[in-house]
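# Structural overview for review
Each chain is listed here by its residues.
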Amino acid sequence: MRIKSQTIMLVVALIATTNCFTGCGGTSPKQQKIYYDINWYVVSDSSAAEYYRIVTLDKDRSSIGKVSDYFITGELQTEIDNAIYIDKKDDKKSIWRGKEKHFNKSEDITELTYYDAMGEKYKQITYYTNSGTPSAEYYIDKDGNRNGECKDYKTNGSYTQRNYKNGVPSPYYLDCYKRGQCVSVFHDNFNSTNVGWLFTNSKIVQDAGLLMTATDEYIASGYIDLEDFDFSYNFRMGANFNFIKKGNTESNNFYGIRWGIKGNNYNAFVINQSGAYRIYTVTNGKSNVVSEGKADVNKTNTLSILRADSVRRDSYLYFLINDEEVDSAKYSRFSEGNRIGVFTNDGEVLVSELEVRQSEDITNKKHILKDWEGSGSGFFVDKRGYIITNYHVIEDAREIEVEFVRNGEKQKYTATVKGRAPEKDLALLLIDTTKSKKQFVPFAKIPYNFKTDESRLAERVFTLGFPGPVPNVLNHTDGAIRALADFRNNTDYYTVTAIINSGNSGGPLFDDKGNLIGVNSKSINREFIERVEIGDTIISNRPYAAFDGLYGSIKSTVVKEFIDTRSAQSLELPNDRTLEEVTDRATQVEALTPYVVWIRVKY
């Protein structure tokens, strides 16, 4: 066995000198732009491309950071956390790790896939088109079959949650409403026998149901124990019965549901082909009729559908045939047990769509969506309601709300994402009046100038945003431009001394004249981590002290490029220069306050 020698390695990404803010020696992997055709084969000519990829690769073709794919027209198509290996000829051979998000050309998310550390796909979420809400969320095995706990959502936000095994769903599941209250359901169409049924003179007819055939001497039946149900609480049960033919005896055929079975005790709700029904109990082998009557049903030999339901309501059971209530009886007259069944005493009957539903909320779950969480800041860049923020502020959000002060009153609106550039950490939002409680009235103007050229080293700057401690109270900090790049020599950023705390992310950076020059993004001290390793073990992982008090803001020139190339919208950027003549900072901030927003999200 080969012994790996112990190596002590100190990785220092930056020597603590101010020269490294504008450039350091040495080489490093560079960002690449790769073009693909419609089948995701690499092409050299962009005119033949349907997509392009922005990625930084090391020598082993592993990605450094995120992988971002775009439609050739500039809209984000896929965003992947990391690539273990990228095949430069055939992308189907690439191996991914982490989250993979797919978008349509409107940049609505359509699919989210998860990969493990070895590149195996294990979970997938699909979304409804143009709504950003999930349609299904499920775990999958290596063969692509659903496995484990899966959720299927309806467009109104309610969902069903059930377990799958090798692609086959369990008949037990939770039916959950939009706010998270769930009821337990057992639904079986008799497509398999692996869920605990005990059958007598009955067989499963694939894609049809359970065919029960009674003989001269024996009834036909099926029984199952429903241990997850408590029939002392509200419930609803029912099944579809299709009468096929009479038997050979002179008896009048009865068929229906038995429930509350416990030992020799049970309850029954039955009907015959002429519509006569009977409700009765059996206690220690002795039968007792609770009620009987006649219902209007199909009298042909192909009796259509009988749906026999029992619903507990105010300590009563109510009995329905073809969804019409025909009778009721006090609940106390019936025995309780967890076994239910279906049966016929003569002829052939086909049973399908058997369902038992616990009507009480049995989960005490909280809302599906978490409560609103203060996430960051943003600012208006078009008087029609377009807002710029950081991508990491709204990443993975299922709902977005923006709040700002207008005419002295707080305004709240729902917002939707209209453009994304994860590798630039930028996102474009738009107030969505269709989902907001009141109409948004466009601004007459936005009183600042969106600067489209680079600012100078040492210029005075200030920030506006919502970092807390009271999260929805606007804060102001000031400082200066320390460098025209960040510590990695990325010229998309200014390094500034104006404090950017959590919550400031996505807010505006202004110069002394009130010109918009950047988007506040990060604390350099928190981002840069000095790592000390022994072999494969990290023994130190701490902020690098040389960057205390330094922060990164994305330049307005980069923001404009994002708006021009990654957004399907044509924006009217602010170009008002009124504040250039104002020297009092408090007056400047007062004028800018209505155009800075607090962003909250739900995941």
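Residues numbered from 1 in each chain as written. Predicted model: local features only at pLDDT ≥ 70, side-chain atom pairs only at ≥ 80, totals over all residues. Heavy atoms only, no water.

Right, let's talk about the confidence of the model for the protein for a bit. On average, the protein scores 81 in pLDDT, and the residues at 70 or more come to 82%. Per-element confidence in the protein ranges from a low mean pLDDT of 34 for strand β1 (residues 8–11) to a high of 97 for strand β39 (residues 508–511). The low-confidence segment residues 1–27 (pLDDT under 50) makes 41 contacts with residues lying over four places distant or belonging to another chain. Across residues 361–370, confidence stays below pLDDT 50; counting only partners more than four residues off in sequence or on other chains, it has 32 contacts. (pLDDT = per-residue confidence, 0-100. Helix = DSSP H or I, 4+ residues; strand = E, 2+ residues; numbered from the N terminus. Contact = heavy atoms within 4.5 Å.)

With that out of the way, let us pick up the sheet that holds strand β21 (residues 265–272). In space, the seven strands of this open sheet follow the order β15-β18-β28-β20-β21-β22-β23, with antiparallel pairing throughout. Strands with a single pairing partner mark the edges of an open sheet, and in this sheet they are β15 (198–200) and β23 (286–294). Neighbouring strand axes in the sheet, compared pairwise and without regard to direction, differ in orientation by 15° on average. Pairing of strand β20 (residues 254–262) with strand β28 (residues 339–344), which is carried by five bridges, proceeds in the antiparallel orientation. Across the sheet, residue Gly-256 finds its bridge partner in β28, namely Phe-343. (Pairing = 2+ DSSP bridges. Axes fitted to C-alpha atoms, helices over the stretch in contact; angles between N-to-C directions.)

With that settled, the discussion passes to the side chain of Asp-141. Looking at the secondary structure, you find Asp-141 in the loop between β10 (134–139) and β11 (148–153). Among buried Asp, Glu, Lys and Arg side chains, Asp-141 stands out as unpaired, with Lys-142 the closest opposite charge at 8.5 Å. One polar contact links the side chain of Asp-141 to the main-chain amide nitrogen of Asp-143, over a distance of 2.9 Å. Excluding anything up to four places from it in sequence, Asp-141 contacts Asn-147 and Asn-166. (Buried < 20%, exposed > 50% of the residue type's maximum accessible area, 1.4 Å probe, protein only. Lys, Arg positive; Asp, Glu negative; His and termini not counted. Salt bridge = Lys/Arg side-chain N within 4 Å of Asp/Glu carboxyl O. Polar contact = N/O pair within 3.5 Å; in protein donor to acceptor, adjacent residues only side chain to side chain.)

Here we come to the pattern of salt bridges. Pairing between side chains becomes possible if they bear opposite charge and their charged atoms approach one another. Enumeration over the complete set of coordinates arrives at 23 salt bridges. Between Glu-79 and Lys-66 there is a salt bridge, with the nearest N and O atoms lying 3.1 Å from each other. Taken together, the residues Glu-79 in strand β6 (residues 76–85) and Lys-66 in the loop between β4 (51–56) and β5 (67–71) connect sequence positions 13 residues apart. A salt bridge links Glu-137 to Lys-123; its shortest N-O distance comes to 3.2 Å. Here Glu-137, found in strand β10, pairs with Lys-123, found in strand β9 (residues 121–127); they are 14 residues apart in sequence, far enough to count as distant. The buried category is assigned to Lys-123, whose relative accessible area is 13%. When salt bridges that share partners are traced, they join Lys-66, Glu-79, Asp-81, Lys-101 and Glu-395 into one network.

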